[in-house]
Amino acid sequence: MSVGHHALRSFLTIIFLLGVFLSSCRPDQPLSSTPVPSATYSLSSTSVSTLTDGEQAYQVAKAGITQNADWIPYTDVINGVEMALVPAGCFMMGSTGEQLEAIFQICKADSETGECDSTAFEDEQPVHQVCFEQPFWVDVTEVTNGQFEEWNGQAAKSSRWTDADHPRDNVTWAEAVAFCRQRGARLLTEAEWEYVARGPDGLVYPWGNTFISHHLIYSANSGRQTWASGSKPDGASWVGALDLGGNVWEWVNDWYGSYLSEPQVDPVGPDNGMYRVLRGGAWNRDIGRVRAANRGKADPYIDNDSYGFRCGSDELVDISPISVSTPLHVERAGDILAPARAGVTRNSDWTPYIENIDGVEMALVPAGCFMMGSDNGENNEQPARQVCFNDPFRIDVTEVTNAQYGSSGKWPGDSLPRENVTWEQADAFCHRRGLRLPTEAEWEYAARGPDGLIYPWGNEFDADNVVYIGNSGNRTWDVGSKPSGVSWVGAIDLSGNVWEWVNDWYGLYLSEPQINPTGPDQGAYYVLRGGSWYGSERYVRAAVRYGEQSDRVIGDLVGFRCSGPISATP
């Protein structure tokens, strides 16, 4: 990078930080509902075509801006899709009482669907400051049918309107997540979406503060259907994104929940919930629902001919469309496999899904990455390194019981874990079920997740969550006796009760990142995981590992659970 680029970045950084400082010194001001002039952008005239200009645009984007007019839209084509660069900056997210009262009066007068009432838009409050420290990218248009087909997108339903340039509708949140990931991208957060639509100026609509019907596709002019993506170029937002108002609702990544009042940086929404957020309104929605601050919500596994999406990205990565020779199999769980295949980046992105497979409850474990091992644990837990899983898998919710195994170990009782079992016996039992023992990495991922928890339930020890030396009474307990110790995927007793055989030979960890690791090719011992009723607090941590001879019966301390890929189960 040249000295000139460094100087430009330094200067703009100073200006940005000064603006943030000055704004923090002023008392909070309500957003005005009075129309104010806004810049009009032309993508064809402002897009920068040379690499040098692209570098300059990115440096300005990293330095950040304090008003919409500070930014000239910059787009780039990646993987055949035009994406707009969104600079760092801050804005006031949500709507003031004044704004809500104004739109309520308009909506009440113009509504065709009767969806307006005095509380219809209260979930847009309180107004709160949101800042983005880094720039990001967003699709200029909603994902089209043509793009969805080119990238082998998978959905249970076809679009209602199938023209290649129309937005892909009838898509669930889960299917949208999977598609964006397949492109090397992701869904936007709710805050990112609103920032793209409003900018630091906090516009009411993507184009400004005055409603203009010919800037969008909504109930009064749609003809009861979608239009080609980008049909309303005058409705472009300050970064050059189109159709942020109307055409189809757009899934974003967040769970739906109430707003916080405190200022936030790069917010990602609630940790869990019942619904995912939709933004932007659609071809069948009225004026009130096509504002930039309006929020919709829906079950993430429900599709609709007014639901679509667009993708975002932190970086632009060139990849080729994935060739899929056969459609992905959708099981009894509906399209639950779509988000499982799409993967997660944090534990709270996943809601446990349990299915009864041949009389045994199994938990679905989504694709994703985590840091396996511990640099603060025993020597054989080091070094910690990244492990990723490209595909989801299933794992038994509990350790295999005496009833499931067909005989008892030291302690009889149908619901007690089967102990006094060798690795060979455990391996053979799982194979009779059409499964196998989990790999060591699968076991630890099911226990810790992307968050890398110390214990399956969190990072603090809690005796109420585990059967261990401090409370076991020197014996095993019924499986599932400690439901509060459940892991992020819904598996129980991953800490304590009995050690669990896994599939791997015991050996030292590698330091390099790995994908779907299966352990050493050979060895003298197999790995045991999870600790037991005889273990202390330190030895029921999720990263703890122990090696033992495969044919040795370690009495009443060792049991197992089974696992397997999705394809191995009905």
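Refer to the structure presented above.
Fair warning: this is a prediction, and the values are worked out from it, not measured in the lab.

Draft legend 1. Spatial organisation of the overall build of the protein. When helices and strands are tallied, the protein shows 11 helices and 23 strands. Taking all 570 residues of the protein together, the buried fraction comes to 55%. A fraction of 75% describes how many contacts in the protein between residues 6 or more apart in sequence connect residues 24 or more apart. When the accessible surface of the protein is split by element, carbon and sulfur atoms take 51% of a total near 23700 Å².

Draft legend 2. Up close: the sheet that holds strand β11 (residues 307-309). Strand order in the open sheet made by the 4 strands is β10-β9-β7-β11, with mixed pairing throughout. A strand with exactly one partner marks an edge of an open sheet, and here the two such strands are β10 (295-298) and β11. Within the sheet, the average angular offset between the axes of one strand and its neighbour, ignoring direction, is 50°. Strand direction decides the pairing type here: strand β7 (residues 249-255) and β11, joined by 3 bridges, are parallel. When the bridges of β11 are listed, tryptophan 251 appears paired with phenylalanine 309.

Draft legend 3. Quick peek at the sheet that holds strand β13 (residues 354-357). Across the sheet, which stays open at both edges, the 4 strands sit in the order β13-β14-β17-β23 with antiparallel pairing between neighbours. In this open sheet, the two strands that pair with only one neighbour each are β13 and β23 (563-565). Averaged over all pairs of adjacent strands, the angle between their axes in this sheet comes to 35°, without regard to strand direction. Where strand β14 (residues 360-365) lies against strand β17 (residues 393-396), 4 bridges are found, and the strand directions are antiparallel. Note that in β17 the partner of leucine 364 across the bridge is arginine 394.

Draft legend 4. Just the side chain of threonine 226, in detail. Following the sequence through the fold, threonine 226 ends up in the loop between α7 (190-198) and β7. Among the polar contacts listed, one links the side chain of threonine 226 to the side chain of histidine 166, at a separation of 3.0 Å. Not counting the four nearest positions on each side in its chain, threonine 226 is found in contact with Trp161, His166, Pro167, Asn247, Val248, Trp283 and Asp305.

Draft legend 5. Main features of α7. With 9 of 9 residues buried, α7 lies mostly within the body of the structure. Among the residues of α7, Glu190, Ala191, Glu192, Trp193, Glu194, Tyr195, Val196, Ala197 and Arg198 are the ones counted as buried. Taken from the residues just after α7, glycine 199 is the one with a positive phi, measuring 70°.

Draft legend 6. Spatial organisation of the packing of aromatic side chains. Inspection of every chain in the model, using the stated rule, returns 29 aromatic pairs. Ring geometry for tyrosine 445 and tryptophan 488: centres 5.3 Å apart, planes at 70°, overall edge-to-face. Highlighted residues: tyrosine 445 in helix α11 (residues 440-448) and tryptophan 488 in the loop between α11 and β18 (499-505), separated in sequence by 43 residues. Each member of the pair, tyrosine 445 as well as tryptophan 488, carries the same accessibility label: buried. Taken together through their ring pairs, the aromatic side chains of Phe91, Phe132, Phe136, Tyr195 and Trp238 make up a single cluster.

Draft legend 7. Just the pairing of β18, in detail. Within β18, 5 of the 7 residues are buried, which leaves it mostly tucked inside the rest of the structure. The pairing of β18 with strand β20 (residues 526-529) spans 3 bridges and is antiparallel. Paired with tryptophan 501 across the bridge in β20 is leucine 528.

Draft legend 8. Spatial organisation of the pattern of salt bridges. For the structure shown, the criterion picks out 23 salt bridges. The salt bridge involving lysine 157 is made with aspartate 303; its shortest N-O contact spans 3.2 Å. Linking lysine 157 in the loop between α5 (145-150) and α6 (173-182) with aspartate 303 in the loop between β10 and β11, this pair joins segments that are 146 residues apart in sequence. For lysine 157, a relative accessible area of 44% gives the class partly exposed. Across the salt bridge formed by arginine 538 and glutamate 378, the nearest N and O atoms sit 2.6 Å from each other. In this pair, arginine 538 is assigned in the loop between β20 and β21 (545-548) and glutamate 378 in the loop between β15 (368-372) and β16 (385-389), connecting sequence segments 160 residues apart. Using a relative accessible area of 37% as the deciding quantity, one classes arginine 538 as partly exposed. Taken together, the shared-partner salt bridges in this structure form one network comprising Glu190, Glu194, Arg198, Arg279 and Arg295.

Draft legend 9. Just unusual backbone geometry, in detail. Cis geometry is adopted by the peptide bond preceding proline 126, which originates at glutamine 125 and carries an omega value of 0°. In this structure, proline 126 sits in the loop between α4 (97-110) and β4 (128-132). Between glutamine 382 and the following residue, proline 383, the backbone shows a cis peptide bond with an omega angle of 0°. Here the phi dihedral of arginine 224 falls at roughly 65°; this positive angle occurs in a residue that is not glycine. Relative to the assigned elements, arginine 224 resides in the loop between α7 and β7.

Draft legend 10. Seen up close, the state of the cysteines. One pass over the structure, following the stated rule, counts 4 disulfides. Paired by a disulfide, cysteine 90 and cysteine 131 hold their sulfur atoms 2.0 Å apart. On the sign convention where negative means left-handed, the S-S torsion of about 105° between cysteine 90 and cysteine 131 marks this disulfide as right-handed. Placement of cysteine 90 in strand β3 (residues 89-93) and of cysteine 131 in strand β4 is noted, with a sequence separation of 41 residues between them. Considered together, cysteine 90 and cysteine 131 belong to a single accessibility category, that of buried residues. Disulfide partner of cysteine 180: cysteine 311, at an S-S distance of 2.1 Å. One disulfide, between cysteine 180 and cysteine 311, carries an S-S torsion of -85° and so falls in the left-handed class. In this pair, cysteine 180 is assigned in helix α6 and cysteine 311 in strand β12 (residues 311-313), connecting sequence segments 131 residues apart. In this structure cysteine 180 comes out as buried when scored by relative accessible area, which is 0%.

Basis of the calculations
Residues numbered from 1 in each chain as written. Predicted model: local features only at pLDDT ≥ 70, side-chain atom pairs only at ≥ 80, totals over all residues. Heavy atoms only, no water. Helix = DSSP H or I, 4+ residues; strand = E, 2+ residues; numbered from the N terminus. Buried < 20%, exposed > 50% of the residue type's maximum accessible area, 1.4 Å probe, protein only. Contact = heavy atoms within 4.5 Å. Areas by Shrake-Rupley, 256 points an atom, 1.4 Å probe, with all protein chains shown as cover. Pairing = 2+ DSSP bridges. Axes fitted to C-alpha atoms, helices over the stretch in contact; angles between N-to-C directions. Polar contact = N/O pair within 3.5 Å; in protein donor to acceptor, adjacent residues only side chain to side chain. Phe/Tyr/Trp six-rings, centres within 6.5 Å; stacked < 30°, edge-to-face > 60°. Salt bridge = Lys/Arg side-chain N within 4 Å of Asp/Glu carboxyl O. Disulfide = S-S within 2.5 Å.

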